[in-house]
Amino acid sequence: MVRIPQQRPAVTRCQHRRLVLSWRASTRRWIWGGLLGILLVTTLSALPWIQGSIAQPTRAPVGMNLGGVVSYSTAWPFTDAFKMSHPWYSQRRGAGFNQGEPIQLTETGWVAALRPEHTVDTVIFNGQHGRYPAGQYTLLYEGEGQIQATLNTATVVSQQPGRMVLNVVPQSNGLWFKLARVNPQNPIRNIRLILPGFEQTYARQTFHPLFLERLRPFSHTIRFMNWLRTNNSELVNWSQRSTLEMPTQGNSQGVALEYMIELANTLKANPWFTMPHQASDAYVRQFAQLVRDRLDPSLKVHVEYSNEVWNNIFSQSRYAQEQGLAMGLSNDPMEARLRFYAQRSVEVFKIWESVFGGTDRLVRILAGQSANPWTGRQILEWRDAYKQADAYAIAPYFGSSLEKLEPQAQLQMPINAAMDILDQEVSELGQTLRTNYSWVRDLGLDLIAYEGGQHLVSGRFGEREPQMRERYLQVNRHPRMRQIYFKYLQQWQQAGGGLFCHFADIYWPGRHGFWGALEYQDQDLQTAPKYLGLLDFVRSTQAQEAPTDVPTNANDGAEDLASTPEISIQPLSIGSNTPALISLITGVSVGTLLITLWVKQRRNV
């Protein structure tokens, strides 16, 4: 049987048109589906980069400013307390206090000779309010002469040439010593006053263990501004600096750099050094060389020229203004001051870079007034100084909302009302920072805090100062201050703030401020809400949630604190996110194409 193939029916023109239109519609669906798929994939692949660079706040490590090493400090940084002694008082029989003749000193500052009826005194712990260790102290010295414990501040248990054992009961006027006689051929020198329990270890244990323990949680970075006596410094040449051989580290030159480096190495803390405003290039270079040679190579060095040069209460501010005007940087005094600061800062940075062979181990810091963003722009933009820096630093203190009220109003309000005012101020900090300082990151710099914390000062209230001091003491000791500090640091972090150096570790409260996270070295931590608030935040940055457990006394939690790891800031790096960035750009491009095609199709329809 022969099969005759069937012929297809003829397709009319109308049917052909319908087939073509159907094919075109199907093709458009496939194209649109494919393009939408590409857009979805590229957007999802870029999402981690978007979240990481925009949505997530910067991790904010907490560092600490140290209080100054002075005879009246309530901190115990050294196991040898004589390092805190007051510079010699010159005494003469029949004259007023410190009215003796000029003291003859050796090259290292020890008393070389004493004339008849001439003595010298010194004191330690005179501002401690009895907050220093009790027990048996050992006084050691070299040379010949006579040392006396005076004013009934210590009782001699035993004595022999070069060594005295003293029984000490803490009292408000501290420990007083008199140098009554010295042998000019072999003068008394190298005096050490060893705290109880450290006679066998002080030579290799420079720092008191409780000082280290209390500082360790905030030792990401230690700012040594006060140890360097930066404010109003008169140092110009390297030969003027403090050395290890000097009688005290509580002098106008500040603490020997070797001790600062040793403390940084002991705590594995990044040191922050503030160069004296009159320091010569040679001083800066030798300072940097000593740091390079002795600092743990895993640590980074934060370098800043002076401190608060914008603030005209300090001599460094007046110096910078005079220099800026003399150099013709501006006819406006404030502008000239800030421009000189920027210019000299870059010169200092260049010296450090030459010593360290680059910037890998340096954090170069320019700083301005927190409440006045204009100062920052003047500093950073002068001759493109920001291009030679790594961070811009401010001091975002809080407390002005309370301080600006009339004293009577503050004294009459309930203490909780005062805490409410501070809480509200802190709640608004983040938005204020974002409004005033978002441009800093646009310049490629980290925003960090050289100082911060509460800023209540009773000394400004004249006759009402005693009452205001008591009120501000109540505020600083109030349990709610712990939560306020925690919120304060959260606001700082969420606004993009990085390293935050609290001011300061240990200060006795008074008319000039309530700066200390602790009031004295061995304070029960349960009575230190600011310290606990700082500690809460440090722990929350590790656990990503607020902790509930905190040390309750001087010993509680010591092991936990000792294991506190470092927290690092990682600035946004475009290079490490290149694939995601390319995906994002691709997605945006495809999205634009889709919109264009859709608009064109609608027009055709």
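Preceding this section is the structure that the text describes.
Residues numbered from 1 in each chain as written. Predicted model: local features only at pLDDT ≥ 70, side-chain atom pairs only at ≥ 80, totals over all residues. Heavy atoms only, no water.

So, the side chain of Glu308: which residues are in play, and what are the values?
Of note, Glu308 is situated in the loop between β14 (301–305) and α5 (315–326). Buried and without a salt bridge, Glu308 has Arg223 as its closest oppositely charged side chain, separated by 6.9 Å. With residues near it in sequence (within four places) discarded, Glu308 still touches Phe314, Tyr450 and Glu451. (Helix = DSSP H or I, 4+ residues; strand = E, 2+ residues; numbered from the N terminus. Buried < 20%, exposed > 50% of the residue type's maximum accessible area, 1.4 Å probe, protein only. Lys, Arg positive; Asp, Glu negative; His and termini not counted. Salt bridge = Lys/Arg side-chain N within 4 Å of Asp/Glu carboxyl O. Contact = heavy atoms within 4.5 Å.)

Account for the packing of helix α6 (residues 333–356) against helix α7 (residues 373–381), with residues named and values stated.
Across the interface, α6 lies against α7 with an axial gap of 8 Å and an inter-helix angle of 50 degrees. Viewed along their axes, α6 and α7 adopt a mutual orientation that is oblique. In the packing of α6 onto α7, the handedness of the crossing is right-handed. Here Met334, Glu335, Leu338, Arg339, Tyr341 and Ala342 of α6 lie close against α7, whose contacting residues are Trp374, Thr375, Gln378 and Ile379. Of the residues that constitute the contact of α6 with α7, the class distribution is six nonpolar, two polar and two charged. (Axes fitted to C-alpha atoms, helices over the stretch in contact; angles between N-to-C directions. Parallel < 35°, antiparallel > 145°, perpendicular 65-115°, else oblique. Left-handed = near helix turned anticlockwise from the far one by under 90°. Nonpolar A, V, L, I, M, F, W, Y, C, P; charged D, E, K, R; others polar.)

If you had to explain the sheet that holds strand β6 (residues 135–142) to someone new, which residues and values would you point to?
Strand order in the open sheet formed by four strands is β8-β9-β6-β11, and the pairing between neighbours is antiparallel. Each having just a single partner strand, β8 (155–160) and β11 (189–194) make up the two edges of the open sheet. Along the sheet, successive strands turn relative to each other by an average axial angle of 15 degrees, direction set aside. Sheet analysis places β6 next to strand β9 (residues 163–168), joined by six bridges and oriented antiparallel. In the sheet register, Tyr137 faces β9, and the bridge partner there is Leu166. (Pairing = 2+ DSSP bridges.)

Which residues make up the sheet that holds strand β5 (residues 118–124), and what are the values?
Consider a sheet: its strands pair through backbone hydrogen bonds, and that pairing is either parallel or antiparallel. Across the sheet, four strands lie side by side as β2-β5-β10-β7; this open sheet has antiparallel pairing. The sheet terminates laterally at β2 (89–92) and β7 (145–150), the two strands that pair on one side only. On average, each strand axis in the sheet is inclined to that of its neighbour by 30 degrees, with strand direction left out of account. Note: β7 against strand β10 (residues 175–182), six bridges, orientation antiparallel. Across the sheet, the residue bridging to Thr150 is Trp176, located in β10.

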